[in-house]
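# Structural overview
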Amino acid sequence: MELADYFKSIIDEDRCAIVICNLAHEIIYMNPAAVARYGKRGGQALVGQSLLDCHNPQSVELIQKVILWFEERTDHNRIYTFYNEKENKDVYMVALRDADGTLIGYYEKHEYRTRETTKKYDFSAE
């Protein structure tokens, strides 16, 4: 097995939507949670499309500013973007870098604040 298979499996099992973009803002990968979440907007068909087409002009400007900030330094890798009250989650943009530290893309990270309600080690759960 390739290490990439393990990383893909981690991303695919995340309950949060993960949309990965290259520096041209093209969506290059969506995990199953993202495909479901953005189903009404096209779901899997969004892969290959510009993420910027999905945002208003103010959001596009902020996305572009974040990319410039990521490019300034290799330790500029995560920035808080907003709190989603309806879903009780914080949202961040996260830099993706190659082995040399060169910026190659980005993704949006969702961190839910809602406490888990599933019983610990409940093997009957899906």
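That block above? That's the structure.
Description of the structure in this document. (Residues numbered from 1 in each chain as written. Predicted model: local features only at pLDDT ≥ 70, side-chain atom pairs only at ≥ 80, totals over all residues. Heavy atoms only, no water.)

A count of helices and strands for the chain gives three helices and five strands. N-terminal to C-terminal, the α/β element order of the chain is α-β-β-α-α-β-β-β. Dimensions along the principal axes, computed over C-alpha positions, put the chain at roughly 45 × 40 × 30 Å. For the chain, the residues scored as buried account for 31% of the 126 residues in total. Contacts in the chain between residues at least 24 apart in sequence constitute 35% of all its contacts with a sequence separation of at least 6. Surface accessibility of the chain: about 9,100 Å² in total, with carbon and sulfur atoms responsible for 53%. Computing the positive centroid from 16 side-chain charges and the negative centroid from 21, the chain places the two 8 Å apart. (Helix = DSSP H or I, 4+ residues; strand = E, 2+ residues; numbered from the N terminus. Buried < 20%, exposed > 50% of the residue type's maximum accessible area, 1.4 Å probe, protein only. Contact = heavy atoms within 4.5 Å. Areas by Shrake-Rupley, 256 points an atom, 1.4 Å probe, with all protein chains shown as cover. Lys, Arg positive; Asp, Glu negative; His and termini not counted. Charge placed at Lys NZ, Arg CZ, Asp CG, Glu CD.)

Attention now goes to the pattern of salt bridges. Inspection of every chain in the model, using the stated rule, returns eight salt bridges. Arg15 is paired through a salt bridge with Glu116; the nearest N and O atoms lie 2.9 Å apart. Separated by 101 residues along the polypeptide, Arg15 in the loop between α1 (3–13) and β1 (19–22) and Glu116 in the segment after β5 (103–112) bring together distant segments of the chain. Of the charged contacts, one joins Glu87 and Arg37 as a salt bridge, the two residues approaching to 2.6 Å between their closest N and O atoms. Here the residue Glu87 occupies a position in the loop between β3 (78–84) and β4 (89–97), and Arg37 occupies one in helix α2 (residues 32–37), the gap between them amounting to 50 residues. Residue class for Arg37 comes out partly exposed when judged on its relative accessible area of 37%. Within this structure, Arg37, Glu87 and Lys89 form a network of salt bridges that share partners. (Salt bridge = Lys/Arg side-chain N within 4 Å of Asp/Glu carboxyl O.)

This part covers unusual backbone geometry. Of note, the phi angle at His25 is positive, near 70°, even though the residue is not glycine. With respect to the helices, strands and loops of the structure, His25 is situated in the loop between β1 and β2 (27–30). Here His25 falls in the buried class, since its relative accessible area comes to 10%. Of note in the backbone geometry, Tyr121 takes a positive phi value of approximately 50° without being a glycine. Position of Tyr121 relative to the elements: it lies in the segment after β5.

A few words on a nonpolar patch on the surface. A grouping of Met1, Leu3, Tyr6, Phe7 and Ile10 is seen on the molecular surface, where their side chains present a nonpolar patch of about 640 Å² in accessible area. Mapping Ile10 onto the fold places it in helix α1. By relative accessible area, Ile10 is classed as exposed at 57%. (Patch = residues over 30% accessible without salt bridge, like charges linked within 9 Å, V, L, I, M, F, W, Y side chains within 5 Å.)

Moving on to the packing of aromatic side chains. Within this structure, the stated rule accounts for two aromatic pairs. One cation-aromatic arrangement involves Arg78 over Tyr92; the distance from NZ or CZ to the ring centre is 4.0 Å. (Phe/Tyr/Trp six-rings, centres within 6.5 Å; stacked < 30°, edge-to-face > 60°. Lys NZ or Arg CZ within 6 Å of the ring centre and 35° of its normal.)

Another aspect to go through is the sheet that holds β3. Pairing is antiparallel in the open sheet, where five strands are placed in the order β2-β1-β5-β4-β3. At either end of the open sheet lies a strand with only one pairing partner, and these are β2 and β3. On average, each strand axis in the sheet is inclined to that of its neighbour by 20°, with strand direction left out of account. Strand direction decides the pairing type here: β3 and β4, joined by six bridges, are antiparallel. Pairing of Ile79 across the sheet is with Met93, part of β4. Packed on one face of the sheet, helix α3 (residues 57–72) meets β3, β4 and β5 and runs near 50° to β4. (Pairing = 2+ DSSP bridges. Axes fitted to C-alpha atoms, helices over the stretch in contact; angles between N-to-C directions.)

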